[in-house]
Amino acid sequence: MERPQKLGKKNFKEISDQVTKAYDNFILENVNDHCLRIAVMQEAYDWHYHENTDELFVVLEGELKIEIKGNKTVFLKPGEFINIPAKTIHKTSAVTRTVNLCFEKNAEDTIFVD
């Protein structure tokens, strides 16, 4: 008989408050073939796209600016979210210190563009 996995709760605020870098992005949890990432940022991330995965951004704190090639720039405040489809060229940056969650496939397929 398999032993049950040890379960424990986590807190987004406690985790993000420990980040001191101007930009940090890491996996909080893996779920099947997807992951939940948290990004704490005070600067921009380069233009890029993902070949095989959509990205769902959810803002917890601050204001996230997402520039999208061929589309309007989107500003997300706490409680707001947007899905960026695979192959969509985009760039994220923080208007102020920003904490956001990102749901995506567990694939390393970030492709940077100029």
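In this text the structure is predicted, and so the values were computed from the model without any measurement.

> Before we move on, could you go through the overall build of the protein chain and cite the residues and values that matter?
Counting secondary structure elements, the protein chain contains 1 helix and 10 strands. Written out in order from the N terminus, the α and β elements of the protein chain read α-β-β-β-β-β-β-β-β-β-β. Summarising its shape, the C-alpha atoms of the protein chain cover approximately 55 × 30 × 25 Å along the three principal directions. When contacts within the protein chain are restricted to residue pairs at least 6 apart in sequence, those whose partners lie at least 24 apart make up 66%. Accessible area of the protein chain: about 7600 Å², with a carbon and sulfur share of 50%. Computed over 15 positive and 19 negative side-chain charges, the separation of the two mean positions in the protein chain equals 4 Å.

> Any details on the layout of surface pockets? Residues and values, ideally.
Considering only enclosed or pocket space, the largest pocket measures out at about 340 Å³ in volume. For the largest pocket, the lining is made up of 22 residues, of which Asn25, Arg37, His50, Glu55 and Glu104 are closest to its centre. Looking at the lining of the largest pocket, the elements that each hand over two or more residues are β1 (23–31), β2 (34–41), β3 (48–50), β4 (55–61) and β9 (98–105).

> Can you lay out the packing of aromatic side chains for me, pointing to particular residues and giving the numbers?
For the coordinates displayed, the defined rule picks out 2 aromatic pairs. Ring plane angle 15° and centroid distance 5.4 Å describe the contact between tyrosine 23 and tyrosine 45, whose orientation is recorded as stacked. With tyrosine 23 in strand β1 and tyrosine 45 in the loop between β2 and β3, this residue pair connects regions lying 22 residues apart in the sequence. Members of the aromatic cluster, joined through ring pairs, are Tyr23, Tyr45 and Phe112. The residue whose ring lies beneath lysine 69 is tryptophan 47, and the NZ or CZ to ring-centre distance is 4.5 Å.

About the cut-offs
- Residues numbered from 1 in each chain as written.
- Predicted model: local features only at pLDDT ≥ 70, side-chain atom pairs only at ≥ 80, totals over all residues.
- Heavy atoms only, no water.
- Helix = DSSP H or I, 4+ residues; strand = E, 2+ residues; numbered from the N terminus.
- Contact = heavy atoms within 4.5 Å.
- Areas by Shrake-Rupley, 256 points an atom, 1.4 Å probe, with all protein chains shown as cover.
- Lys, Arg positive; Asp, Glu negative; His and termini not counted.
- Charge placed at Lys NZ, Arg CZ, Asp CG, Glu CD.
- 1 Å grid on protein atoms, 1.4 Å probe; cavity = no way out; pocket = protein on both sides within 12 Å on 5 of 7 lines; lining within 4 Å.
- Points joined across faces, edges and corners; volume = space filled by probe spheres on them.
- Phe/Tyr/Trp six-rings, centres within 6.5 Å; stacked < 30°, edge-to-face > 60°.
- Lys NZ or Arg CZ within 6 Å of the ring centre and 35° of its normal.

That is the geometry; function is a separate question.
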